[in-house]
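Letter by letter, the chains look like this.
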Amino acid sequence: MRKALLIMAHGSRAEAANEEFKALVDAVAETTREDYAAVLPCFLELARPSLLEALQQLEHQPVDTVYVYPLFFNNGKHVATDIPAQVEEARERHPHLTIELLEYFGTAPGLASLVREHIAGQ
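What counts and how
- Residues numbered from 1 in each chain as written.
- Predicted model: local features only at pLDDT ≥ 70, side-chain atom pairs only at ≥ 80, totals over all residues.
- Heavy atoms only, no water.
- Pairing = 2+ DSSP bridges.
- Helix = DSSP H or I, 4+ residues; strand = E, 2+ residues; numbered from the N terminus.
- Axes fitted to C-alpha atoms, helices over the stretch in contact; angles between N-to-C directions.
- Contact = heavy atoms within 4.5 Å.
- Buried < 20%, exposed > 50% of the residue type's maximum accessible area, 1.4 Å probe, protein only.
- Right-handed = clockwise from strand over helix to strand, strands pointing away.

### Some words on the sheet that holds strand β3 (residues 65-70)
- If you walk across this open sheet you meet the 4 strands as β2-β1-β3-β4, and the pairing is parallel. Two strands in the sheet have a free side with no partner beyond their single neighbour: β2 (38-43) and β4 (98-101). Averaged over all adjacent pairs, the angle separating strand axes in this sheet is 25°, with direction ignored.
- Bridging between β3 and β4 involves 4 bridges; their strand directions are parallel. Among the inter-strand pairings, V66 is bridged to a residue of β4, identified as I99.
- Docked against the sheet, helix α1 (residues 15-31) engages β1 (3-9) and β2, running at close to 160° with respect to β2.
- Helix-sheet contacts for helix α3 (residues 77-93) involve β1, β3 and β4, and the interaxial angle to β4 is about 175°.

Here you go:
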C-alpha cells in the first residue's frame, strides 16, 4: 500500500469535539485497512494535528500518495480558499509526495437520504 488518507475537520476549542472526530477517523481506518497504509485525522485550525503535522506522521510509512478529504458540509471560505492553500503549502514542503485534495463531504451523493434516515431513526 502506498496511499494514505487524511480526513480534515475544522477543529474545536472543545477537546471532546476533537476526540469525537478522531474516533470517527479511527472507525473509518478500521474499514479501509486494505485501501490505505494510514488513515489519520487533521484539523484546519484550533486543534492538532494540522495538515502539516499529520504529514510528518507519515514520514516512515510506505506512502507516496496522500489524499486529503475535507469533512465539511459547505463550499464556504474554508473549503474554497483555506484548505486548498494548506494543501498547496503541503505540496511545496513535501515534493516527494503526491498530495490530492478530494471533494468535500457536502458533495457526497446520497447525503440528503442519509440525513432523512438519521432523522427518521430518532
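### A short note on the pairing of β2
- In terms of residue burial, β2 counts as a mostly covered element, since 6 of its 6 residues are buried.
- Along β2, one buried face is formed by A38, L40 and C42 and the opposite face, lined by V39, P41 and F43, is buried too.
- Two strands pair when backbone bridges link them, and β1 and β2 are joined in this way by 6 bridges, in the parallel orientation. Along β2, the bridge assignment pairs L6 with L40.
- Read as a crossover between parallel neighbours, the route from β1 over α1 to β2 is right-handed.

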